[in-house]
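Chain residues, written in single-letter form:
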Amino acid sequence: RKEVEQDPGPFNVPEGATVAFNCTYSNSASQSFFWYRQDCRKEPKLLMSVYSSGNEDGRFTAQLNRASQYISLLIRDSKLSDSATYLCVANTNAGKSTFGDGTTLTVKP
Amino acid sequence: GAVVSQHPSRVICKSGTSVKIECRSLDFQATTMFWYRQFPKKSLMLMATSNEGSKATYEQGVEKDKFLINHASLTLSTLTVTSAHPEDSSFYICSASGMRDTEAFFGQGTRLTVV
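Throughout what follows, the structure given in this document is the object of discussion. All values derive from a computational prediction rather than experimental measurement.

Before going further, it helps to spend a moment on the state of the cysteines. All names here are of chain A. Following the criterion strictly, the structure yields 2 disulfides over all chains and no others. Each sulfur in the disulfide pair Cys23 and Cys88 lies 1.9 Å from the other. Here the disulfide of Cys23 and Cys88 is left-handed, its torsion about the S-S bond being about -80°. Taken together, the residues Cys23 in strand E3 (residues 19–25) and Cys88 in strand E9 (residues 84–91) connect sequence positions 65 residues apart. Judged by its relative accessible area of 1%, Cys23 falls in the buried class. In this structure Cys88 comes out as buried when scored by relative accessible area, which is 0%.

Right, here's the structure in full:
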C-alpha cells in the first residue's frame, strides 16, 4: 500500500464546476500536509498547506482529518487555468515529502 | 516562501558520461536536502536524503555508487549521475528544508536526457 494515496482521475469538468479531490495517508508520523499543483513537465508548486481547522484560499478549500488520516481539496468555480495535476503531500518533521501519484484535472470550456 | 535554485534545468548527455546537478538554497540554511526522481505520468519518488556534512541516506533500490550525493555546505547539495544510461533519463528535483521546517522548498527540476 502506498503511503499517500489519491484518486488518479482524470477529472474532466466544465468551467464553473466544483470538484473535490481526496487523499489518504498511512504514516501516522506525518506532521504537515500540503497540496501541490504540477503542470506538465514542470516542478511542483505549492498550492496550499492543509490544517485540521480547514483553510480557504479564494476558490480553494483544504481540509485535514487526522483521526481518519484523510485530506481533501475542494475547487469551486473551476477555471480553464486550473487544469493540472494536483499532488497530495505528507511531510515528516524533517521536511521529507511523500507524494501521492497525483490527480489529473482538466477543465473544459 | 524560501528560494531553492536548481541547475541545470535541462541537460542532454551521451551514454557513459556523468552529469552533475546542483541544488542551492538561496536565502536560508538548508540542513537537509532531498533528491527526487519523476518518471513520465508518475509521482515524485524520493531517491535520497542528504544532511550537511554527512553521508546521504539512500532509499531502497537506489544505487549510491551511481547517484553520488554531496552536501558540503548548508546551501549546496549536488547529485552526480555517473556513467549515465538512457534509462536514467528522467526529471530530477531537489528540495530543501531548514532546521525547524516541516515544509520543504523545491528547486525548478532538471530534465535529464541520455542519448
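Attention now moves to the layout of surface pockets. Here the largest pocket defines a volume of roughly 500 Å³. Along the wall of the largest pocket there are 19 residues; nearest its centre are A:Thr85, B:Gln38, B:Pro40, B:Lys41 and B:Lys42. Where the lining of the largest pocket is concerned, the elements lending two or more residues are E9 and strand E11 (103–108) of chain A. Class assignment for the residues of the lining of the largest pocket results in 6 nonpolar, 7 polar and 6 charged. Estimated volume of the second largest pocket: approximately 430 Å³. At the level of elements, strand E10 (97–99) of chain A together with strand E5 (44–51) of chain B are the ones that each hand at least two residues to the lining of the second largest pocket. The element that contributes the greatest number of residues to the lining of the second largest pocket is E5(B), accounting for 4 residues. For the lining of the second largest pocket, the per-class residue count stands at 9 nonpolar, 4 polar and 6 charged.

Rules used throughout
Residues numbered from 1 in each chain as written. Chains lettered and ligands numbered in written order. Predicted model: local features only at pLDDT ≥ 70, side-chain atom pairs only at ≥ 80, totals over all residues. Heavy atoms only, no water. Disulfide = S-S within 2.5 Å. Helix = DSSP H or I, 4+ residues; strand = E, 2+ residues; numbered from the N terminus. Buried < 20%, exposed > 50% of the residue type's maximum accessible area, 1.4 Å probe, protein only. 1 Å grid on protein atoms, 1.4 Å probe; cavity = no way out; pocket = protein on both sides within 12 Å on 5 of 7 lines; lining within 4 Å. Points joined across faces, edges and corners; volume = space filled by probe spheres on them. Nonpolar A, V, L, I, M, F, W, Y, C, P; charged D, E, K, R; others polar.

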